[in-house]
Amino acid sequence: TVVTDLGSPHPLWLHPGVDLCFVPSQVFVRAALQRGLRSTQLRRHGLPVRRDFTKQELSSAQAREALGLQPDPPTVLVVGGG
């Protein structure tokens, strides 16, 4: 299992029958141990991120212009899943 959420651990992700469970944080390690996984089944590894997402091809100013944003005020990106 590869857990790709930083929020709260969903019980279905933490099943003691898995070979390995990759988790993003110590919070998930504790939750997994409480749900019956052994420490040998757990790998705290952070979140998997495709290398393409780490490349910055535009400067901040260029990105703001391309997105039609004003050049000066602070900008916040809010992302949710479900």
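We now turn to the structure provided with this report. (Residues numbered from 1 in each chain as written. Predicted model: local features only at pLDDT ≥ 70, side-chain atom pairs only at ≥ 80, totals over all residues. Heavy atoms only, no water.)

1. Topic: the overall build of the chain
- Of regular secondary structure, the chain possesses two helices and two strands.
- Moving toward the C terminus, one meets the helices and strands of the chain in the order β-α-β-α.
- Against the compact-globule benchmark of 12 Å for 82 residues, the chain has a radius of gyration of 18 Å, which places it well outside the compact range.
- Based on the C-alpha atoms only, the size of the chain along its principal axes is roughly 50 × 20 × 20 Å.
- Within the chain, the proportion of its 82 residues that are buried is 18%.
- Pairs at least 24 apart in sequence give 12% of the contacts found in the chain among residues at least 6 apart.
- Of the roughly 6,800 Å² that the chain leaves accessible, carbon and sulfur atoms contribute 54%.
- Averaging the positions of the 9 positive and the 6 negative side-chain charges in the chain gives two centres separated by 15 Å. (Helix = DSSP H or I, 4+ residues; strand = E, 2+ residues; numbered from the N terminus. Rg over C-alpha atoms; globule rule 2.2 N^0.38 Å. Buried < 20%, exposed > 50% of the residue type's maximum accessible area, 1.4 Å probe, protein only. Contact = heavy atoms within 4.5 Å. Areas by Shrake-Rupley, 256 points an atom, 1.4 Å probe, with all protein chains shown as cover. Lys, Arg positive; Asp, Glu negative; His and termini not counted. Charge placed at Lys NZ, Arg CZ, Asp CG, Glu CD.)

2. Considering the side chain of Q41
- Looking at the secondary structure, you find Q41 in the loop between helix 1 (26-34) and strand 2 (42-44).
- With a relative accessible area of 2%, Q41 lands in the buried category.
- A polar contact is formed between the side chain of Q41 and the backbone oxygen of P16, at a distance of 2.9 Å.
- Not counting the four nearest positions on each side in its chain, Q41 is found in contact with P16, V18, D19, L20, C21 and G36. (Polar contact = N/O pair within 3.5 Å; in protein donor to acceptor, adjacent residues only side chain to side chain.)

3. Observations concerning helix 1
- Those residues of helix 1 that fall on the buried side of the exposure criterion are F28, V29, A31 and A32. The buried residues of helix 1 all sit within an arc of 165° when viewed along its axis, so they share a single face.
- Among the structural elements, strand 1 (21-23) and strand 2 are those in contact with the buried residues of helix 1.
- Where helix 1 terminates, the next one or two residues include G36, which has phi positive at roughly 105°. (Arc of directions from axis to C-beta.)

4. As for the pattern of salt bridges
- This structure, assessed with the given rule, holds two salt bridges.
- Across the pair D52 and R50 runs a salt bridge, and its minimum N-O distance is 3.7 Å.
- We classify D52 as partly exposed; its relative accessible area is 45%.
- The residue D52 makes a salt bridge to K55 at a minimum N-O spacing of 3.6 Å. (Salt bridge = Lys/Arg side-chain N within 4 Å of Asp/Glu carboxyl O.)

5. Let's talk about the side chain of R64
- Take R64: it is sitting in helix 2 (residues 60-66).
- Put simply, R64 is tucked away with no salt bridge, and the nearest opposite charge, on D72, sits 7.3 Å away.
- Separated by 3.1 Å, the side chain of R64 and the backbone oxygen of P73 make a polar contact.
- Ignoring sequence-local partners within four residues, the contact set of R64 consists of L69, Q70, P71, P73, P74 and T75.

6. A short note on a nonpolar patch on the surface
- Residues L6, L47, V49 and F53 make up a contiguous nonpolar surface patch of about 440 Å² in total accessible area.
- Checked against the element boundaries, F53 lands in the loop between strand 2 and helix 2. (Patch = residues over 30% accessible without salt bridge, like charges linked within 9 Å, V, L, I, M, F, W, Y side chains within 5 Å.)

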